[in-house]
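Here is what each chain is made of, one letter per residue.
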Amino acid sequence: MAENDMHAVALKNALEEIRKTCQNIQHAFIFKEKGEIVVGDTEIPERVMLRVVDAFGSLLEKAVPIGGVESVTLTCSEGTLSFQVFGEHYLVTVTSPKSNLNYLNTLTRILIPTVLTILDKISPTPLKKVPSPKDSSQTPSTSTENLTGNEEQVKKSDEEHRGDVKPETSTTEPQAIQLMVEDFEGSRIRGLLKRSDAVYVDNETVKLWEDMFNGKKIEYVEIETLNGKTTRCKVKPIKDLKYSAKGVVQIPEKIQLTLEIKKGELVLVKPIIE
Amino acid sequence: MTKKKNMEETAMTEASAQSIVIETTTTEHLKTRLEDIKSINGVIGYILRNAKSAAIDLKDPTKLIEYAVLSSSALDAAEELSELFSLGEVDNILVEGKEVKVLSLTIGENRISLFLEKNADIEKLLKKLHTF
């Protein structure tokens, strides 16, 4: 997945919408300049994707004399492949022979740049981890050896803010991260296998929290919506690698109703240390 | 037995000779067709290549090598992508650049690339190329 998870989720949703409108799309995926796949069809093997990236990479390199590539259309007897460049994002769609390419191209040329522009405006930097909305001045830092620059900054501001409120806690204070709400994915059976009183966050995030609190098991989180509604619930890791570092939180329908949120919305999730 | 073999060999030689004649005719026809196409508004030039010969006509000859490399890359990418996505036989590949667009296709043994201005009518050119 891409470095910017929020972009990935939003682009995935945009692609899904395009696919709903144009039924003849057989494959659709977006990759970035360095060959990193942002959103892809799960059914396309990664090695195929890499060969696609290679093929276009070579073409992009050699197209400098024509001012760089804007688009490529490959017409074949059994379908058409379209490649479009949107800044540093490249969209590939494969359609059946009878599909209306003009319509599809018009749709993608409007929708994808619009989504990218909006995302750039609301989140010019990756949204995966953000500090809790209440933050301000500076204070000396504590042990932060294992944290990256960003996390360190987040932690510092969090500590400062809460230092006077909860002096009894350790030097590290829980930090809220911003995640996108997801339903329990896939089949009803898979949904039934999950707890209805717990939210699911990707394994890496849970591990990161636990590492930050000296291996303490994180059992509960506080969820805060953008409207200020909060709730406390159990947290479980998502074991499916597909969700690794994707910036989502799977919330049961019942909790979504209580918080008046739905799939695609952003919430702040903060681990609770007991 | 030997007689039968000889007859087969003769037939094969004839067929091969016939194929060479057809190929040459096709290439000659294509050259003529491309010369016509070149005079159409918006056409910058073309490259026609097969195993034995190459014909290149570009308004700006300084870009000859770069355009030839691009043409070859486009056709190679077309074959690769068509195979990867099981798209069948390649009809053509259109690479649209910010300044120029390139239409590449294979007719028989001939690999053709047309270099066009952005406003050139692709459908019209394809029709012209295929009508011989």
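The structure we're discussing is the one just above.
It should be emphasised that the depicted structure is a prediction, and the values quoted were computed from it without experimental measurement.

(A) Examining the sheet that holds strand β4 (residues 79-86) of chain A more closely. Judged by pairing direction, the sheet is antiparallel, and its 10 strands sit side by side in the order β2(A)-β1(A)-β5(A)-β4(A)-β3(A)-β3(B)-β4(B)-β5(B)-β1(B)-β2(B) without closing on themselves. In this open sheet, the two strands that pair with only one neighbour each are β2 (37-39) of chain A together with β2 (54-58) of chain B. Across the sheet, the mean angle from the axis of one strand to that of its neighbour is 15°, orientation sign disregarded. Of the pairings in the sheet, the one linking strand β1 (residues 43-49) of chain B to strand β5 (residues 110-117) of chain B comprises six bridges and is antiparallel in character. Looking across to β5 of chain B, one finds that Arg 49 of chain B is bridged to Arg 111 of chain B.

(B) Highlighting a nonpolar patch on the surface. Residues and elements named next belong to chain B. Together, Ile 56, Leu 64, Ile 65 and Val 69 make up a nonpolar patch on the protein surface, roughly 330 Å² of accessible area in all. The element contributing the most residues to the nonpolar patch is helix α2 (residues 64-84), with three residues. On the basis of relative accessibility, which here comes to 38%, the residue Ile 56 falls in the partly exposed class.

(C) Inspection of the pairing of β4 of chain A at higher detail. Residues and elements named next belong to chain A. The buried fraction of β4 amounts to seven of the eight residues, a majority that puts the element mostly inside the structure. In this sheet, β4 lies alongside strand β3 (residues 69-76) in antiparallel orientation, the contact comprising six bridges. From the neighbouring strand, Thr 75 faces β4, where its bridge partner is Thr 80. Counted between consecutive antiparallel strands, the loop separating β3 from β4 contains two residues. In this sheet, strand β5 (residues 89-95) lies alongside β4 in antiparallel orientation, the contact comprising seven bridges.

(D) Structural view of the interface of chain A and chain B. The interface is formed by 30 residues belonging to chain A together with 32 residues belonging to chain B. Summing both partners gives a buried area of about 2,700 Å² for chain A against chain B, and 64% of it is carried by carbon and sulfur. The largest contributions to the chain A side of the interface with chain B come from Arg 51, Pro 65 and Ile 66 of chain A, which together make up 24% of the buried area. The interface formed by chain A and chain B includes three salt bridges. Here Arg 51 of chain A and Glu 80 of chain B are joined by a salt bridge, their closest N and O atoms 3.1 Å apart. Seen at the junction of chain A and chain B, the total is 12 residue pairs in polar contact (both at pLDDT 80 or more). Its residues assigned to classes, the side of chain A that touches chain B shows 16 nonpolar, 10 polar and four charged. As paired strands, β3 of chain A and strand β3 (residues 90-97) of chain B are joined by seven bridges and run antiparallel to one another. Bridge pairing in β3 of chain B places Thr 73 of chain A opposite Leu 94 of chain B.

(E) Quick peek at the sheet that holds strand β9 (residues 230-238) of chain A. Residue and element names in this part refer to chain A. Overall, mixed pairing links the six strands, which are arranged β6-β10-β7-β9-β8-β11 in a closed barrel. Going from strand to strand, the sheet's axes swing by 45° on average, the running direction of each strand aside. Strands β6 (177-182), β7 (198-202), β8 (220-225), β9 and β11 (266-272) of the sheet are contacted by helix α6 (residues 203-212), whose axis makes an angle of about 90° with β7.

(F) Molecular detail of unusual backbone geometry. Although it is not a glycine, Glu 260 of chain A adopts a positive phi angle of roughly 55°. Along the polypeptide, Glu 260 of chain A turns up in the loop between α7 (253-259) and β11. Given a relative accessible area of 53%, Glu 260 of chain A falls into the exposed group. Non-glycine residue Ser 86 of chain B carries a positive phi angle of around 50°. With respect to the helices and strands, the residue Ser 86 of chain B is situated in the loop between α2 and β3.

(G) Up close: the nonpolar core. Formed by 40 residues in total, the largest nonpolar core has its most connected members in Phe 31, Phe 56, Leu 74 and Leu 81 of chain A together with Leu 81, Phe 85 and Val 95 of chain B. Not counting the four nearest positions on each side in its chain, Leu 81 of chain B is found in contact with Val 52, Ala 55, Phe 56, Leu 74 and Leu 81 of chain A together with Leu 87 of chain B. Core analysis: the next-biggest nonpolar cluster, separate from the first, contains 21 residues, Val 181, Val 199, Val 201 and Ile 218 of chain A among them.

(H) Main features of the side chain of His 89 of chain A. Assignment of secondary structure puts His 89 of chain A in strand β5. Those residues in contact with His 89 of chain A that sit more than four places away from it in its chain are Leu 11, Ile 30, Phe 31, Lys 32, Val 38, Gln 84 and Leu 116 of chain A.

(I) Structural detail: α2 of chain B. Residues and elements named next belong to chain B. The first and last C-alpha atoms of α2 sit 30 Å apart over 21 residues, in line with the 30 Å expected at 1.5 Å per residue. Residues of α2 that are buried: Tyr 67, Leu 70, Ser 71, Ser 73, Ala 74, Leu 75, Ala 77, Ala 78, Leu 81, Ser 82 and Leu 84. One or two residues past the end of α2 sits Ser 86, with phi positive at roughly 50°.

(J) The arrangement of the packing of aromatic side chains in detail. Considering all chains together, one arrives at seven aromatic pairs over all chains under this definition. When the centroid spacing of 6.1 Å and the interplanar angle of 35° are considered together, the rings of Phe 31 of chain A and Phe 83 of chain A count as tilted. Residue Phe 31 of chain A is located in strand β1 (residues 25-32), and its partner Phe 83 of chain A is located in strand β4; the two are separated by 52 residues in the primary sequence. On the basis of relative accessibility, which here comes to 2%, the residue Phe 31 of chain A falls in the buried class. One aromatic cluster is present, formed by Phe 29, Phe 31, Phe 56, Phe 83 and Tyr 90 of chain A together with Phe 85 of chain B through successive ring pairs. Over the aromatic face of Tyr 220 of chain A sits the side chain of Arg 232 of chain A, whose NZ or CZ is 4.6 Å from the ring centroid.

(K) Local environment of the pattern of salt bridges. Residues and elements named next belong to chain B. Here the structure, examined in full by the defined rule, presents 12 salt bridges over all chains. The partner of Asp 57 in a salt bridge is Lys 38, and the shortest N-O contact between them spans 3.0 Å. With Asp 57 in strand β2 and Lys 38 in helix α1 (residues 2-38), this residue pair connects regions lying 19 residues apart in the sequence. We note a salt bridge from Lys 118 to Glu 96, for which the minimum N-O separation is 3.9 Å. Residue Lys 118 is located in the loop between β5 and α3 (122-130), and its partner Glu 96 is located in strand β3; the two are separated by 22 residues in the primary sequence. Residue class for Lys 118 comes out partly exposed when judged on its relative accessible area of 31%. Glu 96 sits in the buried class, given a relative accessible area of 19%.

Cut-off values and rules
Residues numbered from 1 in each chain as written. Chains lettered and ligands numbered in written order. Predicted model: local features only at pLDDT ≥ 70, side-chain atom pairs only at ≥ 80, totals over all residues. Heavy atoms only, no water. Pairing = 2+ DSSP bridges. Helix = DSSP H or I, 4+ residues; strand = E, 2+ residues; numbered from the N terminus. Axes fitted to C-alpha atoms, helices over the stretch in contact; angles between N-to-C directions. Patch = residues over 30% accessible without salt bridge, like charges linked within 9 Å, V, L, I, M, F, W, Y side chains within 5 Å. Areas by Shrake-Rupley, 256 points an atom, 1.4 Å probe, with all protein chains shown as cover. Salt bridge = Lys/Arg side-chain N within 4 Å of Asp/Glu carboxyl O. Buried < 20%, exposed > 50% of the residue type's maximum accessible area, 1.4 Å probe, protein only. Contact = heavy atoms within 4.5 Å. Buried area = accessible area lost by both parts, 1.4 Å probe. Polar contact = N/O pair within 3.5 Å; in protein donor to acceptor, adjacent residues only side chain to side chain. Nonpolar A, V, L, I, M, F, W, Y, C, P; charged D, E, K, R; others polar. Core = buried A, V, L, I, M, F, W, Y, C linked by side-chain atoms within 4.5 Å. Expected span 1.5 Å × (residues − 1). Phe/Tyr/Trp six-rings, centres within 6.5 Å; stacked < 30°, edge-to-face > 60°. Lys NZ or Arg CZ within 6 Å of the ring centre and 35° of its normal.

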